[in-house]
Every structure is written in C-alpha cells, then in structure tokens.
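Remarks on the overall topology
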Amino acid sequence: MSDLSSRRRLPWPVVTAILLILGSPVLTAAILTIEAKLIWATDESKSPDANHTPVDPVTADRLRKTFKWKNYFIVKKMTKEVPSRGSARFDLSKKCTVEIKELEGPRVEVVLIGEGKPVHRAVKPLNKGESFVYSGDDKNETAWFVMITDLEQK
Amino acid sequence: MNGDLMLKVQAWVDGELPGEEARQVEALVSGNKEAAALVSELRLTRGFLQGNETALKVPDSPEFYWSKIRREIERLDASGQSVPAPSSALWAALRRFMVPASGLALVMIVAALSFKYFSPATFEDQMVEVENLSEEMSSISYRSQADNMFVVYLYAKEQTKAEDESQFDPLDDLLFQ
C-alpha cells in the first residue's frame, strides 16, 4: 500500500542534515593534541639534576641520529590540546615558553618565547608523528631542545 | 527430566493430553519430586497470569469489529484513494531535491576525507615560514627527512662575532634554565 511504502522511505532531509553536520568538521579544522618537551643534551651519562629523566629510547635514537650528543634528558614535558583556530601556551621553564596556534591548512604557528620576549616564529604543517625541534647550545658543550610533536589529530 | 518430558508435563497441566498419556504423566508427577516441583511452578505461573492479565474488550462484537476494518479497506481500494500522507507537492519536491543533495554531500565528505588523508604532500604543503623575532638571535633551519624532524637551530649573533674574532665564549643560557 502507498501508506506503507511512504513510511519505508528514508527521511532524506534528515539524512542530508546529518551528513552535512558530520562532514563539516572534516572540511573545517582539527583539534591538535600537542606534546612539548624541554630536553637537555649532554655527553655525560647522568644529569646533575635529579629531576631530569632520560628520554624514551625511540626519541633518544632519533635525536642521536641528528645531533652529536650521547644522552638526552627530559627537563619538562607537557601535553595540551590546541583548539581549532585557537592557541595553547607551554611554559617549559621560567625562561622558555612555546606558544602554538592551529591555523588553516592545517598548519601550526610556533612561537618560541625566551625570558618573555618572542625569539623565533615558524609556520608549518605539523604532520602526525613529525617533530618540530628548536635547539641551541648551552654551557659546557651541552645543548637544549624543545621538541614539539603532534600526538593525535581529532 | 529432559525437555520432551517437561513439555509433556506442561501439556498435562494445561489439560491437553489424551487419557492414557495423562494418566502416565500423573503417575510420574506423583512419584517424581522434580516433576512435581515443575507442576507446582507451572500452576503458580498460570495463576499469576490469570489473575493479572488485563482484559481488553472491543465495544463491538468481534465479527462486527473485523468486518468494519474489511469494509474500510475495500472502500479505499475501490476508490483508489490512499490514506492521506504528508506527500504534498512541496514535500515531494523537497524530497526530490534532498535525495541527490544527500548523495552529493556524501561524495563531498568522502572526497574531503580522501584529500585530507591520502593526497600526496605538495611543495606548498611542506613549505615552512620562519622568522627571527629577536635581534640578538640567528637561526638555521633544516629538515631531517629520515627522522621526520624539522629543526631550527638558534644561536646568538654574538657567538658568530666572537668566533670570527677567535674569542669564543660559552653561550649564556638565554632560553634554558
């Protein structure tokens, strides 16, 4: 009967609305889960600071392949969500802060702030698994790194 | 007790067994504790159902009630008229538009997802914009493809000057504490 067949039809306006609602985040932007690590590099086997912990073996291997130092220690590690078209601030030490902003693309703007003053700015796509690293020399043939990694895109 | 015997006991409780079989089950129930327990449970359940089942009564007699439904169906079939549905011209036009629109939306979502996750990275995608914001610092940027790492090495401009003059001093810890 026509009544029954009309009941069986899909409610297309509702289907369209659902598809558009589900699709809109894909077409717009992403929330990023960013991990920022302040790392100190040295050839010494131990850090003089008891609070420093060795970086995980995978990260240490990656860093050793690119940099000359033998050992890498985490000074501070932070994980934060960077909202779509928003920004998040990572205070890694009293002197070192990183501000990350999610941009269209998706790309990220990374601003390194030293002692309250902007030092460097970079805008780039941050792909999953890729790390963005700031580095610099420190006292006694050691070095510091700020390692930024996109853990997950939502 | 197996399943068949349990069903037989149930049929006996409902008075559905013929004489000889009923007598056999009656003998079984009187001599078997498990069967007796099943019988008492079945009778209890039946008692609950009989006492609590809501009786719905149609105001007309059953024959008249069903004949009314049959007559109405016959009348609608004869007139070719269907039950009024919300299928007005506007609704039908909207539905005709929504079917392709839904398909198009689905295709766009799939395309967007494919583009986002499967398209090869273009040169523009990988372009990096870097800017030194401090007059005291310089930087060198490079990408380590093998380690999936983009590195910005920062150094004080004084360092270059000092190196040039062969008077190297360790860098002050501008950023690192």
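Residues numbered from 1 in each chain as written. Chains lettered and ligands numbered in written order. Predicted model: local features only at pLDDT ≥ 70, side-chain atom pairs only at ≥ 80, totals over all residues.

Digging into the overall build of chain B
Just so we agree on the cut-off: By definition, any uninterrupted DSSP run of H or I lasting at least four residues is a helix, any uninterrupted run of E lasting at least two residues is a strand, and each is numbered from the N terminus. The exposure label follows from counting other C-beta atoms within 10 Å of a residue's C-beta, where the C-beta atoms are placed from the backbone and the thresholds are 20 or more for buried and 12 or fewer for exposed, leaving partly exposed in between. The contact rule is simple: place each C-beta atom from the backbone, and if two of them lie within 7 Å, those residues are in contact.
Across its full length, chain B carries seven helices and three strands. Its helices and strands in sequence order give chain B the pattern α-α-α-α-α-α-β-β-β-α, from N to C terminus. Sorting the 177 residues of chain B into buried and exposed places 10% on the buried side. Long-range contacts, defined here as pairs at least 24 residues apart, represent 20% of the contacts in chain B between residues at least 6 apart.

Overview of helix H1 (residues 3-13) of chain B
Residues and elements named next belong to chain B. Here is the rule we go by: Arc, as used here, means the arc of the directions from the helix axis to the C-beta atoms.
Turning to H1, its buried residues number three or more, namely Lys8, Val9 and Trp12. Down the axis of H1, the sector holding all buried residues measures 100°, keeping them to one side. For H1, the exposed residues set more than 90 degrees away from the buried face come down to Gly3 and Leu7. Trailing H1 by a residue or two, glycine 15 shows a phi angle of about 70°, which is positive.

Thoughts on the sheet that holds strand E5 (residues 96-103) of chain A
For the record, the criterion: Criterion used throughout: strands pair if DSSP finds at least two bridges between them. Axis angles are defined between N-to-C directions and span 0 to 180 degrees, where every axis is a line fitted to C-alpha atoms and, for a helix, only to the segment in contact.
On the basis of which strands lie adjacent, the open sheet formed by five strands has the order E4(A)-E5(A)-E6(A)-E7(A)-E1(B) and antiparallel pairing. This sheet does not close on itself; its edge strands, each paired only once, are strand E4 (87-91) of chain A together with strand E1 (129-132) of chain B. Taken over all neighbouring pairs, the strand axes of this sheet differ in orientation by 15° on average, direction set aside. Pairing of strand E7 (residues 117-124) of chain A with E1(B) involves four bridges; the strand directions are antiparallel. Among the inter-strand pairings, His120(A) is bridged to a residue of E1(B), identified as Asn132(B).

Focus: the confidence of the model for chain B
Residue and element names in this part refer to chain B. What counts is decided by this rule: Each residue gets a pLDDT score, which is the predictor's confidence in that residue and runs from 0 to 100.
Here chain B averages 78 in pLDDT, while 76% of its residues score no lower than 70. Here residues 167-177 is a poorly scored stretch, pLDDT under 50, and it has 27 contacts once near neighbours within four places are set aside; other chains count. Here the prediction assigns the complex a pTM of 0.53, and the interface score ipTM is 0.79.

Structural notes on the nonpolar core
Worth spelling out the cut-off: Only buried Ala, Val, Leu, Ile, Met, Phe, Trp, Tyr and Cys residues enter a nonpolar core, and they are joined through C-beta atoms within 7 Å.
In this structure, Ile39(A), Val98(A), Val110(A), Val133(A), Phe145(A), Val146(A) and Ile148(A) are the most contacted members of the largest nonpolar core, which totals 40 residues. Those elements giving two or more residues to this core turn out to be strand E1 (32-42), strand E3 (71-82), E5, strand E6 (107-114), E7, strand E8 (131-138) and strand E9 (142-153) of chain A together with strand E3 (149-156) of chain B. Here this core gets seven residues from one element, more than from any other, and that element is E1(A). Here Val133(A) is in contact with Phe145(A), Val146(A), Met147(A), Met149(B), Phe150(B) and Val151(B), once residues within four sequence places are set aside. Core analysis: the next-biggest nonpolar cluster, separate from the first, contains five residues, Val9(B), Trp12(B), Ala35(B) and Val39(B) among them.

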